[in-house]
Amino acid sequence: MAHYQPILAEAVKKFPAKDWVEASAVAEMTMQECRSVEQSLADPLLLQDGCVTEIEDPDLGKIRQVGTTYRLSKNPSRPTKPAARVGAHTDEVKAEAARLAGSPAPKAKAGKPLKAPLDGVRVLDLGLAIAGPYGAQILSDLGAEVIKINALYDTYWHRTHIAYVANRGKRSIALNLKDARAMALLLDLVKTADVVHHNMRYDAAERLKIDYDRLKAINPALIYCHSRGFEKGVRERLPGNDQTGACLAGVQHEDGAMADGGKPLWSLTSLGDTGNGFLSAIGVLQALYHRDRTGEGQFVDTSIINACLLNSSYAVATPEGGAFERPRLDKMHLGFN
C-alpha cells in the first residue's frame, strides 16, 4: 500500500470525483465521493429513502436530519415532529399521572424459564465479512442458535481477524448453494428457522432463489433480515462497504477535519459495518416481538449508509445543505477548542 498509494493518488487526480463514481459503478467496485455531513443531509436520494428526513423546527425552521435507520415491513415508521421543548407537555403528563394514580401495575405474564433472552430462536446466517455476520453474532450472544452458512471454499474472509470479530458462538456448515443438493438442505433448514439473515446484494439472493418472497412461501412466520450497502433507490444494487458508507454520510469528512483543511479519515472501528449489525439485530428483536404477538413474520432491512448516518446524526442542515454553528474538529485532531 505504501508503494502504490502515491501512484494511485496521481491517477485519481486526472478525473473529477463524479467520473470515478460512475466508472466504479460500471466496474462494480466500491467507490463513492467523500462529502460533508451537510451535503449528505441535502442528498435527495437519502431524503426519498427516509433515512434522512425533513422537519419543521420551531427555532431553526425547516431542517434536514437523520431519519429512519432501519425498516420493518409490518411496522413502518417515519419521524414527523421536531424535538419537544423543555416543559412543552408538562400539564398533559401531570394530568395523565393523576388519572393513573392508584391504578395497579400490570402483572407479568407467566411463561417458561429461558436460559437466555433468545433461547429457542434459530437463525440462519448467510452473511459475509462484518455487516451481516456481526448482527447475527449479537443474536448468538443473546442466546439464539445461529447456523453460519459458509461457502464451500472460503478463500479470504475466514483467514482473517474479521472472522473472529463476527462469528463467535455460531455453528457452521459449508454449502455450495449452486448445487441442488446443498440448496435442498438449506431449504430444509429454512423450514425450521425463525430468522434468515444476510448481507449479500439482494439481486444475488434473487438469482439463488433465496429472496424473501420465495423463503416465506416455505415458512410464512419467517423473519428475513437483509443488510445493504446503500439506501433504497439508484445506489441500492451497487457494491458497498464501510468506507463508501462513511464517505457518503460525511463521517470520513468530519473525522478527517476536512472543513479545517484536513484529509479524509477512515476509522478502523468500522462503525458502518458493526453499526449496521447492531441495527439489524435491533430490527430482528422487534420483529420477533411482533411475531410473538401476531404470528406474522416480516422483512427487516437496514444498510451501512444508515449506520454511518447514525454516527453523524449530531448535525442538522438546511434543505440546501447549509450548516448551522457546531463544534468541529481541527485538522491536527487536538479537539474542538
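Analysis parameters
Residues numbered from 1 in each chain as written. Predicted model: local features only at pLDDT ≥ 70, side-chain atom pairs only at ≥ 80, totals over all residues. Heavy atoms only, no water. Helix = DSSP H or I, 4+ residues; strand = E, 2+ residues; numbered from the N terminus. Rg over C-alpha atoms; globule rule 2.2 N^0.38 Å. Contact = heavy atoms within 4.5 Å. Areas by Shrake-Rupley, 256 points an atom, 1.4 Å probe, with all protein chains shown as cover. Core = buried A, V, L, I, M, F, W, Y, C linked by side-chain atoms within 4.5 Å. Buried < 20%, exposed > 50% of the residue type's maximum accessible area, 1.4 Å probe, protein only. Axes fitted to C-alpha atoms, helices over the stretch in contact; angles between N-to-C directions. Parallel < 35°, antiparallel > 145°, perpendicular 65-115°, else oblique. Nonpolar A, V, L, I, M, F, W, Y, C, P; charged D, E, K, R; others polar. Salt bridge = Lys/Arg side-chain N within 4 Å of Asp/Glu carboxyl O. Pairing = 2+ DSSP bridges. Phe/Tyr/Trp six-rings, centres within 6.5 Å; stacked < 30°, edge-to-face > 60°. Polar contact = N/O pair within 3.5 Å; in protein donor to acceptor, adjacent residues only side chain to side chain.

(A) Layout of the overall build of the chain. Within the chain one finds 14 helices and nine strands. Taking 2.2 N^0.38 as the reference for a compact globule, 337 residues should give roughly 20 Å; the C-alpha atoms of the chain span a radius of gyration of 22 Å, in line with that estimate. Dimensions of the chain, computed from C-alpha atoms along their principal axes, come out at roughly 65 × 60 × 35 Å. Residue pairs in contact within the chain that sit at least 24 positions apart in sequence constitute 72% of those at least 6 positions apart. In the form shown here, the chain has an accessible surface area of approximately 19200 Å², with 58% of it arising from carbon and sulfur atoms.

(B) Molecular detail of the nonpolar core. Core analysis: the largest hydrophobic core is formed by 22 residues, its most contacted members being Leu124, Leu126, Leu186, Val196, Ile210 and Tyr224. Elements with a contribution of two residues or more to this core: strand 5 (145-150), helix 8 (180-192), helix 9 (202-208) and helix 10 (212-218). No other element matches helix 8, which puts five residues into this core. What valine 196 contacts, discounting residues up to four positions off in sequence, is Leu124, Leu126, Val190, Leu215, Leu222, Ile223, Tyr224 and Cys225.

(C) Summary view of the packing of helix 13 (residues 271-294) against helix 14 (residues 304-311). Across the interface, helix 13 lies against helix 14 with an axial gap of 8 Å and an inter-helix angle of 100°. Regarding the angle of helix 13 to helix 14, the classification is roughly perpendicular. The residues of helix 14 that touch helix 13, namely those facing Leu271, Gly272, Asp273, Gly275, Asn276 and Leu279, are Ile304, Asn306, Ala307, Cys308, Leu310 and Asn311. Residue composition of the contact of helix 13 with helix 14, by class: six nonpolar, five polar and one charged.

(D) Region of the structure containing the pattern of salt bridges. Counted by the stated rule, this structure contains 30 salt bridges. Salt-bridge contacts for lysine 191 lead to aspartate 188; the nearest nitrogen and oxygen are separated by 3.5 Å. Placement of both lysine 191 and aspartate 188 in helix 8 is noted, with a separation of three residues, approximately one turn of the helix. Assessed through its relative accessible area of 44%, aspartate 188 is described here as partly exposed. Among the salt bridges present, the one from arginine 214 reaches aspartate 211, with a minimum N-O distance of 2.6 Å. Salt bridges here are not isolated pairs; linked through shared partners, they connect Arg35, Asp43, Glu231 and Arg235.

(E) Quick peek at unusual backbone geometry. Even without being glycine, lysine 209 reaches a positive phi, approximately 65°. Structurally, the position occupied by lysine 209 is in the loop between helix 9 and helix 10. For lysine 209, a relative accessible area of 52% gives the class exposed. The backbone of alanine 257 sits at a positive phi, close to 55°, despite the residue not being glycine. The exposure class of alanine 257 is buried, given its relative accessible area of 4%.

(F) Main features of the sheet that holds strand 3 (residues 70-72). One open sheet holds the seven strands; their spatial order is 3-9-8-7-4-5-6, and the pairing between them is mixed. Either end of the sheet is taken by a strand with one partner, and the two such strands are strand 3 and strand 6 (171-174). Each strand axis lies, on average, 15° off the axis of its neighbour in the sheet, ignoring direction. Strand direction decides the pairing type here: strand 3 and strand 9 (residues 298-303), joined by three bridges, are antiparallel. Of the residues in strand 9, the one forming a bridge with tyrosine 70 is threonine 302.

(G) Region of the structure containing the packing of aromatic side chains. This structure, assessed with the given rule, holds seven aromatic pairs. The interplanar angle of 20° and the centroid separation of 5.5 Å between the aromatic rings of tyrosine 224 and phenylalanine 299 together place this pair among those described as stacked. Taken together, the residues tyrosine 224 in strand 8 (residues 223-228) and phenylalanine 299 in strand 9 connect sequence positions 75 residues apart. Phenylalanine 299 matches tyrosine 224 in its accessibility class, with the two residues each being buried. Through pairs of rings, three or more aromatic residues link up here, namely Tyr202, Tyr212, Tyr224 and Phe299.

(H) The pairing of strand 2 (residues 61-66), seen in detail. Pairing of strand 1 (residues 52-57) with strand 2 involves six bridges; the strand directions are antiparallel. Within strand 2, the residue paired with valine 52 across the bridge is valine 66. As consecutive antiparallel partners, strand 1 and strand 2 are separated by three residues.

(I) Here's a closer look at the environment of leucine 279. Its location among the elements puts leucine 279 in helix 13. Given the relative accessible area of 5%, leucine 279 is considered buried. Not counting residues up to four positions away in its chain, the partners in contact with leucine 279 are Thr69, Tyr70, Thr302, Asn306, Ala307 and Leu310.

(J) Molecular detail of the side chain of glutamate 38. In this structure, glutamate 38 sits in helix 3 (residues 37-41). For glutamate 38, a relative accessible area of 3% puts it in the buried group. Here arginine 326 takes part through its side chain, which lies 3.0 Å from a polar atom of the side chain of glutamate 38. The residues contacting glutamate 38, other than those within four sequence positions of it, are Ala315, Val316, Ala317, Gly321, Gly322, Ala323, Arg326 and Arg328.

So yeah, pure geometry; function would need other evidence.
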